[in-house]
Amino acid sequence: MKSDGGTELLRLLHEHTGGEAPEDAAVPDLAAAGPEGRAARTALALREATASGGWTLLDHPMLALEVAGSPAYLEPDAVVVAPDGRWTVVEIKSFPMIDAAADPSKVGAAARQAAVYVLALERVAGLMGGAPGPADRVAHSVLLVCPKDFSNLPTASLVDVRKQLSVTRRQLARLTRIEEIADALLPGASFALDRSAPELTDTVESVPATYAPECLAACELAFHCRDRARSMDAVTALGRGLRAELGGLTSVGAVLDAARGRAGDAADPAVAALRRAAVLRAQALEGAAAGGAVCR
Ligand code: SF4
């Protein structure tokens, strides 16, 4: 896609966005030392490309985005700067587009990923200043490039990521800042791997965690957090769905007490449902003992 100065990629973008026909595109060298250096080099290349008034292909640029008060570095497949100064994110994926349609879940994941790149580009555009503003400079539709049917020919589609942008903006704004997390740690706490196992364990245990079975597929601390949740009798270990339904009942003991009528407010819908379930269970067990049908 990016050989010959990205001719095919620019052709696909032009096919979907119109405007001036792409001719020779500039492909600036974005090499620099470290992610910070590469991000600065990318910002400079974007500025130069915008001023040039021609087509520019930025191959694997580096973008920085502040996440919870700390910079995260992101590397889109490409960003194209058009002669009118618009910046478009390009995502190249290996899943096929059959009859111009691709798997919606994969397109959704690509759109969420691309939305983060758009946010990072808007930050660069904001720092650049001048008109138009970041929201007009950076296209809110990204070019998704996929294999056409099952061939090795490329095809593309413009994907509107405005919805994903607003969701990501909201999520980033709600993230707890790293300074606040650090303030909650014990004095002298450290996660440095040269610390002893007991020291590291103490530090890990000083951080509040809400384990859920989903953690097993995503986090290296899953077994540790699961043991901790089980030792605390926490209902979170039984899954997020159940936790949401149990409301204020946070331990298995509290759930059993509520079900047996030893605790809990009968007006609480979770408590009422538990008591009803306990009655049904008792009836089923009585039925089984009497040789009747078992209600599971
Ligand atoms: S397993 Fe990981 S994600 Fe899950 S609660 Fe523990 S630290 Fe958090």
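Computed from a prediction, not measured in an experiment: that's the story for all the values here.

1. Focus: the overall build of the chain
Okay, step 1: Summing up its helical and strand segments, the chain has eleven helices and seven strands in all.
Okay, step 2: The C-alpha atoms of the chain give a radius of gyration of 27 Å, which is well past the 19 Å a tight globule of 296 residues would have.
Okay, step 3: Projected onto its principal axes, the C-alpha positions of the chain cover 85 × 55 × 35 Å.
Okay, step 4: With an accessible surface of roughly 17,100 Å², the chain has 56% of that area assigned to carbon and sulfur atoms.
Okay, step 5: A gap of 8 Å separates the mean positions of the 30 positive and 37 negative side-chain charges of the chain.

2. Here's the deal with the nonpolar core
Soluble, globular proteins show a tendency: their nonpolar side chains are buried together.
Okay, step 1: Counting residues in each nonpolar core, the largest one holds 35 residues, and the members touching the most others are Leu46, Trp87, Leu121, Leu144 and Val161.
Okay, step 2: Sorting the residues of this core by element identifies helix H2 (34-52), strand S2 (63-67), strand S4 (78-81), strand S5 (87-92), helix H3 (104-128) and strand S6 (141-147) as the ones contributing at least two each.
Okay, step 3: Tallying contributions element by element places H3 first for this core, with 13 residues.
Okay, step 4: Those residues in contact with Leu46 that lie beyond four places of it in its chain are Leu58, Val79, Val81, Trp87, Leu121 and Val124.

3. Some thoughts on the site of the ligand
Okay, step 1: Contacts to the ligand come from Ala209, Thr210, Tyr211, Cys215, Cys219, Leu221, Ala222 and Cys225.
Okay, step 2: Here the residues of the shell around the ligand sort into seven nonpolar, one polar and no charged.

4. Remarks on a negative patch on the surface
Okay, step 1: On the surface, a cluster of negative charge is made up of Glu20, Glu23, Asp24 and Asp84.
Okay, step 2: Locating Glu20 in the fold gives a position in the loop between helix H1 (7-17) and H2.
Okay, step 3: The exposure class assigned to Glu20 is exposed, which follows from its relative accessible area of 53%.

5. A look at the packing of H2 against H3
Okay, step 1: Running from N to C, H2 and H3 cross one another at 65°; their axes reach a closest spacing of 11 Å. Regarding the angle of H2 to H3, the classification is roughly perpendicular. As for the relative orientation of H2 and H3, their crossing is right-handed in sense. Along its contact with H2, which presents Ala43, Leu46, Arg47 and Thr50, the element H3 presents Leu121, Val124, Leu127 and Met128.
Okay, step 2: Considered class by class, the residues forming the contact of H2 with H3 number six nonpolar, one polar and one charged.

6. Observations regarding the sheet that holds strand S7 (residues 154-160)
Okay, step 1: With mixed pairing, five strands are arranged side by side in an open sheet as S1-S4-S5-S6-S7. In the strand order of this sheet, the two ends are held by strand S1 (56-59) and S7, each with one partner. Neighbour-to-neighbour, the strand axes of this sheet turn through a mean angle of 25°, independent of strand direction.
Okay, step 2: Bridge analysis of S4 against S5 gives four bridges, and the strand direction is antiparallel. Directly across from Ala78, in S5, lies its bridge partner Val90.
Okay, step 3: Across the sheet, H2 is in contact with S1, S4 and S5; its angle to S1 comes to roughly 170°.

Calculation criteria
- Residues numbered from 1 in each chain as written.
- Predicted model: local features only at pLDDT ≥ 70, side-chain atom pairs only at ≥ 80, totals over all residues.
- Heavy atoms only, no water.
- Helix = DSSP H or I, 4+ residues; strand = E, 2+ residues; numbered from the N terminus.
- Rg over C-alpha atoms; globule rule 2.2 N^0.38 Å.
- Areas by Shrake-Rupley, 256 points an atom, 1.4 Å probe, with all protein chains shown as cover.
- Lys, Arg positive; Asp, Glu negative; His and termini not counted.
- Charge placed at Lys NZ, Arg CZ, Asp CG, Glu CD.
- Core = buried A, V, L, I, M, F, W, Y, C linked by side-chain atoms within 4.5 Å.
- Buried < 20%, exposed > 50% of the residue type's maximum accessible area, 1.4 Å probe, protein only.
- Contact = heavy atoms within 4.5 Å.
- Near = heavy atom within 4 Å.
- Nonpolar A, V, L, I, M, F, W, Y, C, P; charged D, E, K, R; others polar.
- Patch = residues over 30% accessible without salt bridge, like charges linked within 9 Å, V, L, I, M, F, W, Y side chains within 5 Å.
- Salt bridge = Lys/Arg side-chain N within 4 Å of Asp/Glu carboxyl O.
- Axes fitted to C-alpha atoms, helices over the stretch in contact; angles between N-to-C directions.
- Parallel < 35°, antiparallel > 145°, perpendicular 65-115°, else oblique.
- Left-handed = near helix turned anticlockwise from the far one by under 90°.
- Pairing = 2+ DSSP bridges.

None of the figures reported here should be taken as evidence of function without further support.
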